[in-house]
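Topology and contacts: notes
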Amino acid sequence: MSLTLYNTLTRRKETFEPIDPARVRMYVCGPTVYDYAHIGNARPVIVFDLLFRLLRHHYGAAHVTYARNITDVDDKINARAAADYPDLPLNEAIRRVTSATEKQFHDDIAALGVLPPTVEPRATEHIEEMKRLCEALVTRGHAYVAQGHVLFDVSSMPDYGRLSNRSLEEMEAGARVEVAPYKKGPMDFVLWKPSKPGEPAWPSPCGIAEPGRPGWHIECSAMSEKHLGPIFDIHGGGIDLVFPHHENEIAQSRCAHGTPVMARVWMHNGFLQVEGEKMSKSLGNFITIHELLETRKFGASPWHGRVVRLAMLGTHYRQPIDWTAERLLQARATLLDFADLIASAEPAAAPNADVIAALSDDLNTPSALSIVHGLAKSARRNPEAAGELRATLEFMGLYGGETRGDLNVGVESVNVDAAQIEALVAARLAARKAKDFKESDRIRDELAALGVSLKDAKDPKSGEIITTWEVAR
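The structure contained in this document is the topic of the report that follows. Think of each chain on its own: its residues are numbered from 1, step by step along the sequence as written. Thresholds applied to this predicted model are a pLDDT of at least 70 for local features of residues and 80 or more for the giving and counting of side-chain atom pairs; totals over whole chains, interfaces and linings are not thresholded and use all residues. As a rule here, side-chain values cover all heavy atoms of the structure and leave hydrogens and water aside.

What follows deals with the sheet that holds strand β13 (residues 321-323). Neighbouring strands of a sheet are bound in pairs by backbone hydrogen bonds; such pairs are parallel or else antiparallel. Strands pair, by our definition, only if DSSP identifies at least two bridges between them. Segments assigned H or I by DSSP are reported as helices when at least four residues long, segments assigned E as strands when at least two residues long, and all are numbered from the N terminus. The strand order across the open sheet built from three strands is β12-β11-β13, with neighbouring strands paired in mixed fashion. Of all the strands in the sheet, just β12 (277-278) and β13 have a single pairing partner and so form its edges. Where strand β11 (residues 272-274) and β13 come together, three bridges link them in parallel fashion. Bridging across to β13, L272 finds its partner in I321. Relative to the sheet, helix α9 (residues 305-313) contacts β11 and β13, its axis offset from that of β13 by approximately 145 degrees. Residue contacts are defined here by distance: any two heavy atoms, one from each residue, within 4.5 Å place the two residues in contact. Here, axes are lines fitted to C-alpha atoms. For helices the fit covers the stretch in contact, and angles between N-to-C directions go from 0 to 180 degrees.

A few words now on the nonpolar core. I39, W323 and L389 are the most contacted members of the largest nonpolar core, which has 76 residues in total. Examining the composition of this core, we find that 11 residues originate from one element, helix α1 (residues 39-59), more than from any other. With 39 residues, the next largest nonpolar core counts L9, C29, M130 and M187 among its residues. What we call a nonpolar core is a set of buried Ala, Val, Leu, Ile, Met, Phe, Trp, Tyr and Cys residues that are connected through their side-chain atoms within 4.5 Å. With a 1.4 Å probe rolled over the protein chains alone, any residue whose accessible area is under 20% of its type maximum counts as buried; one over 50% counts as exposed, and the rest are partly exposed.

Before going further, it helps to spend a moment on helix α3 (residues 90-111). In this model, α3 (22 residues) spans 32 Å end to end at C-alpha, consistent with the 32 Å of a helix rising 1.5 Å per residue. The set of residues buried in α3 consists of A93, I94, V97, T98, T101, E102, F105, D108 and I109. Taken around the axis of α3, the buried residues stretch over an arc of 155 degrees, which confines them to a single face. With respect to the buried face of α3, the exposed residues turned more than 90 degrees away are K103 and A110. At the C-terminal side of α3, G113 shows a positive phi close to 80 degrees. A helix's residues, less one, multiplied by 1.5 Å, set its expected span. Here the arc refers to the set of directions running from the helix axis out to each C-beta atom.

Glancing now at the packing of helix α12 (residues 365-379) against helix α13 (residues 383-395). At their nearest, the axes of α12 and α13 sit 8 Å apart, and the two run at 150 degrees to each other. Relative to α13, α12 is oriented roughly antiparallel. Viewed along their axes, α12 and α13 form a crossing whose handedness is left-handed. Residue-level contacts link V372, L375, A376, S378 and A379 of α12 to A385, A386, E388, L389, T392 and L393 of α13. For the contact of α12 with α13, a count of residues per class yields eight nonpolar, two polar and one charged. Roughly parallel refers to an angle under 35 degrees, roughly antiparallel to one over 145, roughly perpendicular to one between 65 and 115, and oblique to any angle outside these ranges. Definitions for this section: a left-handed crossing has its near helix turned counterclockwise from the far helix by less than a right angle. A right-handed crossing has that turn clockwise. Gly counts as polar in this scheme, as do all residues outside two lists: the nonpolar Ala, Val, Leu, Ile, Met, Phe, Trp, Tyr, Cys and Pro, and the charged Asp, Glu, Lys and Arg.

Set out below in structure tokens:
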């Protein structure tokens, strides 16, 4: 069975052929550890964890190397360290912030069913590799030194902008009017810069006397090269990283090594918005993974990590996703149903082949989950199907032996008037038939406020919509 992946670099789906099937290599940009990761950060973590699992299935666990970095050099980290530990030496304060935040990140994503990557390099442990890249770029004529900075000369790379599909002229036209006077060109970007007072500093490369610190983009080029080589198979991340971060990674790595590519396949997940709006603190809809798991801030309930994962995988990774409480309610109801079916089943030896085929088509999770629902239908009658369902859910990271009570984390028992609920469900169905969707949505929200989760399905005989309900909290 072949694996096809959409390549941002070529803008088409391609059959994946690893450079070396005995050592398949993937790099994904990881967190900047200054605070709790938000729910948007969870999307690439879950998406590329699923790809990691799929690659291991195709090539064998021992033959896949997954590197996901930790960025621990950043202005936000410096500010947090100074605010939280004003009496400590800077480096110790920074280490306390990054160590605590890294642990929070690991705890949160483990709850989402995410496997540890093969290697998790920290930026501060690769400073010498970054300095060597700076020196190689200057030697090759692709970078220059100016006022204590090392800058990449964008004009030295004829096809700069290929990943983001932008010409140099377009990018220069969109650049800020005020350009640092030491830059040769407006698009030139920093590889190394002088450290300001109160910032971490290391001896500088390229003959610069003053101590300094790396720019953001050089970190991933250095870490990926050390752990995966100058050319590797897959580089992943969020769509927001295509430009400038990934574009600049490509420029640094290719020009430093004289290679035609950095990674052969570039994959990017789509944006996430919350309840139809861009997530931001100013709108009051900013939500962290930790808050989803541990508080009632979103949807008036904490949510089990497997529920969050299923809700995330319900949309294809390249499409934008609208993060809603309704999405989580539906995911929880689905997993509760699955848990009842497979709790006593022995897992099959392998996940369902049709699910693997769907995932092998550019991680087509909506198609895969549709097949999973078919398995669940079979499992109601056939114990063997229950074992295959369990093995498939475990493979996708959607089940780890949880009981109904586990998945219902934070749910309080409530008494409902069954007759009232049935009347509201009937009224909603009538509104849907009359195409009064505003009224239908209003009744759905009223039921959700009562702690009732709805499930719509088509009657295979009549074709009519049948709605079932259960108390979700």
